[in-house]
Each structure stands twice: as structure tokens, then as C-alpha cells.
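Observations on the three-dimensional arrangement
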Amino acid sequence: MKRTRFSSRKRISPDAAELGRLASGLAESGGRLEDRLWEARLAALIDRLLADGAEDDLNAALDRLFDTNASAHDELADLIESGAESCILSAKGQEYDVLLFNAPLLAWSRFSIPADRIPASILATLKVQLGAHVFAAGAQLALADFLFSPDQLPRSFVETARLTRELGNAALAHKDVELDTSSLPETSRFLSDTRYIVGAVAVPRGAPVFRWNEDDGSRDNALKEWARQGAPCLEPLLTGCAFQPLLADAYHAACRNADSASRPYSLRASVAFLQTNLGQPAESFRAIVGGFHDRNLEEYRIGFGPRDSDVIYHGVVWPLLGAEDENTDIVSEIETVLRESGIKEIVSLDQQFPFEFCDDCGAPLYPNIEGETVHAEMPEPTNAHSQTLH
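Residues numbered from 1 in each chain as written. Predicted model: local features only at pLDDT ≥ 70, side-chain atom pairs only at ≥ 80, totals over all residues. Heavy atoms only, no water.

**Details of the overall build of the chain**
The number of helices and strands found in the chain is nine helices and 13 strands. Computed over the C-alpha atoms, the radius of gyration of the chain is 24 Å, within 12% of the 21 Å expected from 2.2 N^0.38 for a compact globule of 390 residues. Partitioning the contacts of the chain with sequence separation of at least 6, the portion at a separation of at least 24 is 73%. On the chain, the mean spot of the 36 positive side-chain charges and the mean spot of the 60 negative ones are 6 Å from each other. (Helix = DSSP H or I, 4+ residues; strand = E, 2+ residues; numbered from the N terminus. Rg over C-alpha atoms; globule rule 2.2 N^0.38 Å. Contact = heavy atoms within 4.5 Å. Lys, Arg positive; Asp, Glu negative; His and termini not counted. Charge placed at Lys NZ, Arg CZ, Asp CG, Glu CD.)

**A look at the nonpolar core**
Core analysis: the biggest nonpolar cluster contains 54 residues, and L167, L267, I302, F304, I334 and L338 have the highest contact counts within it. At ten residues, the largest contribution of residues to this core is made by helix α8 (residues 251-278). Among all residues touching I334, those that are not within four sequence positions of it are L267, V289, Y300, I302 and W318. Judged by nonpolar contacts, the second largest core, of 32 residues, contains L130, V201, V203 and W226. (Core = buried A, V, L, I, M, F, W, Y, C linked by side-chain atoms within 4.5 Å. Buried < 20%, exposed > 50% of the residue type's maximum accessible area, 1.4 Å probe, protein only.)

**Thoughts on helix α6 (residues 157-172)**
Between the first and last C-alpha of α6 there are 23 Å, a value that for 16 residues agrees with the 22 Å anticipated at 1.5 Å per step. All of the buried residues along α6 are F157, V158, T160, A161, L163, T164, L167, G168, A170, A171 and L172. Where α6 ends, the next residue or the one after it, H174, has phi of about 60 degrees, a positive value. (Expected span 1.5 Å × (residues − 1).)

**So, the pairing of strand β4 (residues 192-204)**
Of all 13 residues in β4, twelve are buried; the element is thus mostly enclosed. Summarising the sheet, strand β2 (residues 94-108) and β4 pair through 13 bridges and their orientation is antiparallel. For N102, the partnering residue across the bridge sits in β4 and is V198. One ladder, built from six bridges, connects strand β3 (residues 140-148) with β4; its direction is antiparallel. Along β4, the bridge assignment pairs F148 with Y196. (Pairing = 2+ DSSP bridges.)

**Quick notes on the state of the cysteines**
Among covalent bonds in proteins, the disulfide is the one between the sulfur atoms of two cysteines. Within the structure shown, the criterion is met by zero disulfides. No disulfide involves C87; its sulfur sits 17 Å from the nearest other cysteine sulfur, which is in C255. Of the cysteine sulfurs around C241, a residue in no disulfide, the closest is that of C233, at 16 Å. Its relative accessible area of 14% is what places C241 among the buried residues. (Disulfide = S-S within 2.5 Å.)

**Focus: the confidence of the model for the chain**
In this model, the chain carries an average pLDDT of 93, and 95% of its residues clear a pLDDT of 70 or more. Counted against residues more than four places away or in other chains, residues 1-9, with its pLDDT under 50, gives one contact. (pLDDT = per-residue confidence, 0-100.)

**Quick look at the environment of I312**
Along the chain, I312 turns up in the loop between β8 (297-306) and β9 (314-319). Here I312 falls in the buried class, since its relative accessible area comes to 4%. On a C-alpha basis, the gap between I312 and D35 in space is 53 Å, while along the polypeptide they are 277 residues apart. Apart from residues lying up to four places away in sequence, I312 is in contact with I288, G303, F304, G305, Y366, P367, N368, V374, H375, A376 and E377.

**Some words on unusual backbone geometry**
Although it is not a glycine, K92 sits at a positive phi angle of roughly 55 degrees. Locating K92 in the fold gives a position in the loop between β1 (86-91) and β2. Taking relative accessible area as the criterion, K92 reaches 90% and is therefore assigned exposed. Phi angles above zero are rare outside glycine, and H174 is one such case at about 60 degrees. Looking at where H174 falls in the secondary structure, it is placed in the loop between α6 and β4. Overall, the relative accessible area of 63% leaves H174 in the exposed class.

**Some words on the pattern of salt bridges**
Taken as a whole and assessed by the stated rule, the structure comprises 21 salt bridges. Its salt-bridge partner being E18, residue R21 comes within 2.9 Å of it at the nearest N-O pair. On the criterion of helical spacing, the pair formed by R21 and E18 is a turn pair, its members being three residues apart in helix α1 (residues 14-27). Assessed through its relative accessible area of 27%, E18 is described here as partly exposed. (Salt bridge = Lys/Arg side-chain N within 4 Å of Asp/Glu carboxyl O.)

**Comments concerning the environment of A51**
Along the polypeptide, A51 turns up in helix α2 (residues 32-52). According to the relative accessible area criterion, A51 is exposed, its value standing at 65%. Spatially, the C-alpha atoms of A51 and G290 are 45 Å apart, while their sequence positions differ by 239 residues.

**Comments concerning the packing of aromatic side chains**
Both the distance between ring centres and the angle between the ring planes are used here to describe each pair of aromatic rings. Enumeration according to the criterion identifies six aromatic pairs in this entry. Look at F101 and F135: their rings are 4.7 Å apart centre to centre, the planes differ by 55 degrees, and that puts the pair in the tilted class. Taken together, the residues span a long stretch of sequence, with F101 in strand β2 and F135 in the loop between α5 (120-133) and β3 at a distance of 34 residues. We note that F101, like F135, is buried. (Phe/Tyr/Trp six-rings, centres within 6.5 Å; stacked < 30°, edge-to-face > 60°.)

Okay, here's the thing in C-alpha cells:
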């Protein structure tokens, strides 16, 4: 009798293996003409897998290439992201390029930062401002009626692709999308956090998408005008918050840009929070910077406390992103932001701290002036809870 063959844990599906083969071919390509051949084959397979909901195949191929072929991994990741955040739709006999976009907002508050529905009147005003300052002339927009926290964004490529098509069809129908938010997770509370306005833009095939794709446009001017004209529209959504609008961009790129921008913003917000809450000037505080390691350097943690004591009032996590590692001069960037925020005394510790969290509450531990890791605890008279920043 033939024995049942148990599959190997490392075995991947034929579709995942084909993704790896095509991505490797693209990474080894010697010219743009060959690039286009590999890209077309990859894009067709990715589109089919996204339509079939084959998230596991996409992730299995990425995981395999991450361990074996970094260049092919990056090529495949770029094309999967592109396939999830863009598509071609037809309406009234014309084809349109559709792009899912994200307009991030950096915010901080001593109170809770809202993540909630966006009223129809504000959606309409936001579309006017985005259309005037960020997107090309004639672009059609649709927005989701919800201000997302990081925890509430689509969690997979397949979910992102579905949202792209839903919002793209809404844009072509001159509507917005009312989301069912009943299954969205609760938002974690942080002093400083990011919020996202998510939408889709549709333009005729091959037409400019963004204002800076036009001959007389630029990214800098688009950001300047969006921040100047769009910010007043956002104030009702972020009551009790200080906030900074970032430039809307393609969905995944905007998320990465927000992750990067949120790190210095969190430091500045922390200094402002300490001054406001404790009624003391920035120069009365000390910042201690330490690198926290697992197998490699994972993040820097910055502890804030008084200059005359070893206690830590507050802490910020500065995670490494992308290709950053031990050889990237992150400490200088952190020190520059702290000095610009008014902190005079900055201590950067050379020791390698273990990547540990509190066993009881799970909060990160922060370095103090003695080189120990401790809880961040605000002074009792403020009645303020210790908070951790993204």
C-alpha cells in the first residue's frame, strides 16, 4: 500500500515557486527591454493571485526570497505592492488607471487621538482640497469615510487590493465609500500617533495622477498648499490635538513616509508634552539614548527625565526602518532633533541593551543615566499616565 507523503514545512505552492522564479529573472535582467518582459509576467500572476485571495502564496514567495535572494525579494515586493494599490477599471467605454492613496497626519495630544468616521461635509471639503493641490487636473477621487489609526489599516495585500477596487469604482461613480467599521480593532492609545485618510484616484489611462506629474507642479508646492489649505478642514476631526499633515501619495509609499516622519515628530511631541504637563522649560530635562538589540540592533529608545535625577518620566521608541542598521548614523539624527526641541543635555550610551519589555504590562523599558533599563513614570502630581510613542 502506498504511504501517505507528509508535506515539508518548507514546501511552497507552484504559484509561489513561479513568483520566485520570475522575480529572480527580473533581478538578473540585463536591460530595460528584458525588465518589461519579466515585469509583465510577474504582474499578470500577481493580479491573478490577488483576485483569488491567495495571500499565503504571495507571502511564501516573499519569505523564501528574503532568505535566498534579496534583490529578487525587493523586486517582487515592489510589484506586489503595486498590484495591491493600483488597477485598471473601465467606465462608459473608457479605461482608467486607479491608484489607492494615503494622506497621513501626524498628531499628538494629552487626550485620546480620534480614529472615527469622517462626516460627509468634511469628506467633500477634503476632496476639493486634495483635487486642487495634490492630484492632477481632471482626476476623480473617492474617500473612505473613516480616519484610520495604524492598527485599522488593511492587514494584507488581498484586503488592500479589494479596497483599491472598491474605492476606484466609487471614484468613477462620483461617490465615497461608507465602511463597515464594526470589525475594526480598537485603537491603542499613544501620546503621539499617525492617522490616515485613505482614498482612490482615477485618471484616464496614461494621464498624470499627481499635481507634480504636471509640467508646472512640484511636490514641495503640493505639500505646502495641502498643509495650508487642508489643515483647517482637518481641525474638527482632531479636536484637542496638535497635528501635521503629510503629503498624500501612493498607499504603501505614504505609509513608509509616515513611519519615517513619525520618529522625529514623536520626539518633538514628547518635549512639548513634558513642558506642558510639568510647567518646566525644555532645558530642564535630560534625554538618554540607548540602542536595544535582539540578534541585531532593533531600535533606539530615548528616556526623558530631570537633569538632577536618574528617574525617567517619559520614553520614546525610535525603530529602525528599511535598510537601517548598526552602521547607520541614527544617533546623530536623534540628537539633532532633540537639540532643535530645546533639550540641552543629551547622553548617548554605547552599551548594547537587551530587547526587553516589562514582564507585567508589556511596556518598553528605557535607559536611565546609570545605564539601567527602567519604567517611564510621570511624577504623581501630574496624574498623567506613562505613555509610549510610535
